[in-house]
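Reading the structure
One-letter residues, chain by chain:
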Amino acid sequence: MRILKFGGTSIGDAESAKRAIEITKSEAVHVPLLVFSAMGKTTDRLAQIGERAAAGSLGEALALTADLYSYHMQMVEALNIGADDRDGVAAYCDDIFGDIRELANGLAVVRELSPAVLDRLLAFGELLSTQIMRAAMSGAGLPAAWVDARDIVATGESHGGAEPDAEATARLAAERLVPLYESGKIAVTQGFIARSSSGAITNLGRGGSDYTASLLGAVLGAEEVQIWTDVDGIMTADPSLVPQARNIPVMSFREAAELAFFGARVLHPRTLLPAVESDIPVRVMNSRNPGSRGTLILAEAPRDGRPVKSIAYKEGMTLVTLVSARMFKAHGFLARIFNAMDRLRLAPDLIATSEVSVAIALCDGAGVEALVRELSDYGPVSVRKDQAVVCAVGESIKSTPGTASQIFEDLRDVRISLISEGGSEINLSFVVDESSLPLVVRRLHGRFFERAAIEGEVS
Ligand code: ADP
Ligand code: ASP
Ligand code: MG
C-alpha cells in the first residue's frame, strides 16, 4: 500500500494535474490515499489577499481573488471532469470564493489579520484543489472519494503551524480512512490543513502537506510514502541555486531530516518523524519526469564513501552575540539565556558558547529584538542581520578526517561567523553573510561533487 502526495507545482496546471492522475493510475498496488497541496502558488496568493485586505487595500485583495477564481475555473474546464460532476465542483468553487470575498471584506473593516483568521483563509487552497482533483480522478475512472482532512488530522491550538495530536489522528484516520480503503476507494484529501480540539481550523505550517502524508502513511501502515514534486528527488544542493546539482539515489532518515531542518525546502522538516517511528520508506519523485529514479529515504542508507551528501542553506537569519566578562566562572549563565529564549518562544538554529560569550543564529523576526533587550542585562550584545546558515550533511562527515578543512579551504575569502560541528553527528554548519551565500554554496558543491565528477568518482 502506497500513499502519494502531490505538491503545488505537480498540480499547478492542467497538464501537470493530468500527469498526477497518470502517475496514480500507473501504481501497481492499490493507493488508498492521495494527499494534495493547493494548486500552484495558491497558498501564497491567499496570504497576499489577507494581507492586502487587512492593510485596507480591499480593491487589490478582490482583484487577486478574481484572478485566483479564474485560475481554478480554468483548471475545472481543462480537466476531464464528468458532466455529472462538473456543476457540483463549479458550485463548490463558487461557494469557497464567496467565503474568501466575505473574509476579505471583514478584514478590510477590522484591519487586522490574526493568525487564526489566516489559517482559515489558507485552508481554502487545499479544499479547492482536492475537490477539483477528486472530480478529475473520477473522470479518469479512478474510484476517488473526497475526505476532509480537518476531520482526520487533529492538532493543538497554535496557529501558523500546530503540533499534530498523533493519538487522536490515528483514531480518526482509522475511523474514516480504513473503511474507504477496505471498500477499494482512493481517499483524496488535503495536505497541510487540520483542526484543533476546540474546532478551530489549523495547519501543520507552510509546506506541511509532506508531513500530512507521512503522518497518515504511518497510521495506515503504508509500505511507502511517495512525495511527488518538481525536481528529480533530493539533490546534492538546491537546484534553483546550483544548476549542476545531481540526484541522490538513497539517503538515511537522519540525513534527509537534517537537510530539511537546515532549509532544504524539498521536504517539510517534520516529514521524517512518523516515517522514522514506523520505519516507512519515503520516496521523493519528480512528477515532471516520472521515469527518473528520485530519492529513496530509508532507516539505514548504504555509505558511498563520500563525507558530504548534500548542502542545505537557510536565509533570513540574524546572529546575536553576547560577551559577558561578568559571567567568567559564574554558573547559570547559559541557563538564563536559554530561559529567555524559552519565554520568548524562540528556537535558535545554531549556538556556539564559551565561558563568557554566546553566539546565537536564529530566524529574523520580532522575537530577536526582545531577546537582545533581555541579553543586554548581562553585557554588550551585537546583532548582525542578513545572515545565512550553510549546512553540509552526510553520515560520514565526522568519521572522514579532513572534511572540515576541505569545506573551509575554498572559503578563505569569506567571512564565517559561527561554526558548529558538535550538535549533530552528521552535519557541519556555519554562518555567512547572506550576500555571499550563492558563492559559498556553489563553491562547496564544486568541491564535493563537481571535482569528484571530473575525477570520475561519481556514477
Ligand atoms: P512542492 O510544491 O512539490 O512541495 P517545494 O517547492 O516545496 O515543492 O519543494 C521543491 C523545491 O525544493 C525544489 O523546486 C527545489 O528548488 C527546492 N530544494 C531545496 N533544496 C533542495 C534539495 N537539496 N534537493 C531538491 N530540491 C531542493
Ligand atoms: N499549500 C501549503 C503551502 O504552500 C502546504 C504545502 O504546499 O505543503 O505551504
Ligand atoms: Mg513543499
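Our structure is the block above this text.
The notes below deal with the structure included here. (Residues numbered from 1 in each chain as written. Chains lettered and ligands numbered in written order. Predicted model: local features only at pLDDT ≥ 70, side-chain atom pairs only at ≥ 80, totals over all residues. Heavy atoms only, no water.)

Time to look at the site of ligand 2. Residues in contact with ligand 2, as listed here, are Ser37, Ala38, Thr43, Glu126, Phe192, Arg206, Gly207, Gly208 and Ser209. In the environment of ligand 2, an oxygen atom lies 2.6 Å from a nitrogen or oxygen atom belonging to the side chain of Arg206. Within the backbone of Gly207, a nitrogen or oxygen atom sits 2.8 Å from an oxygen atom of ligand 2. Contact with the protein chains covers 86% of the free accessible surface of ligand 2, which is 260 Å². Residues belonging to the shell around ligand 2 are distributed by class as follows: two nonpolar, five polar and two charged. (Near = heavy atom within 4 Å. Polar contact = N/O pair within 3.5 Å; in protein donor to acceptor, adjacent residues only side chain to side chain. Areas by Shrake-Rupley, 256 points an atom, 1.4 Å probe, with all protein chains shown as cover. Nonpolar A, V, L, I, M, F, W, Y, C, P; charged D, E, K, R; others polar.)

Turning next to empty space enclosed by the protein. Within the structure shown, the criterion is met by one cavity of 30 Å³ or more. Its boundaries defined by the atoms lining it, the largest cavity holds a volume of some 40 Å³. What lines the largest cavity is Glu255, Ala301, Pro302, Arg303, Asp304, Arg306, Lys309, Glu395 and Ser396. Each residue belonging to the lining of the largest cavity can be placed in one class, and the counts come to two nonpolar, one polar and six charged. (1 Å grid on protein atoms, 1.4 Å probe; cavity = no way out; pocket = protein on both sides within 12 Å on 5 of 7 lines; lining within 4 Å. Points joined across faces, edges and corners; volume = space filled by probe spheres on them.)

The subject of this paragraph is the environment of Trp146. Summarising the element assignment, Trp146 is placed in strand 3 (residues 144-147). Judged by its relative accessible area of 27%, Trp146 is partly exposed. In the structure, Trp146 is positioned 170 residues away from Gly316 in sequence and 38 Å away in space, judged by C-alpha atoms. A distance of 2.9 Å separates a polar atom in the side chain of Trp146 from a polar atom in the side chain of Thr130. (Helix = DSSP H or I, 4+ residues; strand = E, 2+ residues; numbered from the N terminus. Buried < 20%, exposed > 50% of the residue type's maximum accessible area, 1.4 Å probe, protein only.)

Pairing within the open sheet is antiparallel, and its six strands lie in the order 13-14-12-15-17-16. The outermost strands of the open sheet, each flanked by one partner alone, are strand 13 (350-353) and strand 16 (416-420). On average, each strand axis in the sheet is inclined to that of its neighbour by 25°, with strand direction left out of account. Those strands touched by helix 8 (residues 253-261) are strand 12 (310-323), strand 15 (381-393) and strand 17 (427-433), and its axis lies near 55° from that of strand 12. Lying over the sheet, helix 10 (residues 333-343) contacts strand 12, strand 13 and strand 14 (357-363), oriented at roughly 20° with respect to strand 14. (Pairing = 2+ DSSP bridges. Axes fitted to C-alpha atoms, helices over the stretch in contact; angles between N-to-C directions. Contact = heavy atoms within 4.5 Å.)

A separate point is the site of ligand 1. Taken together, 18 residues are adjacent to ligand 1, and Thr229, Asp230, Met235, Asp238 and Arg265 come closest. Within the backbone of Met235, one N or O atom sits 2.9 Å away from a nitrogen atom of ligand 1. Here Arg265 contributes a side-chain N or O atom positioned 3.0 Å from an oxygen atom of ligand 1. Alone, ligand 1 offers 570 Å² of accessible surface; in the complex the protein occludes 88% of this. Considering only residue class, the shell around ligand 1 consists of eight nonpolar, six polar and four charged.

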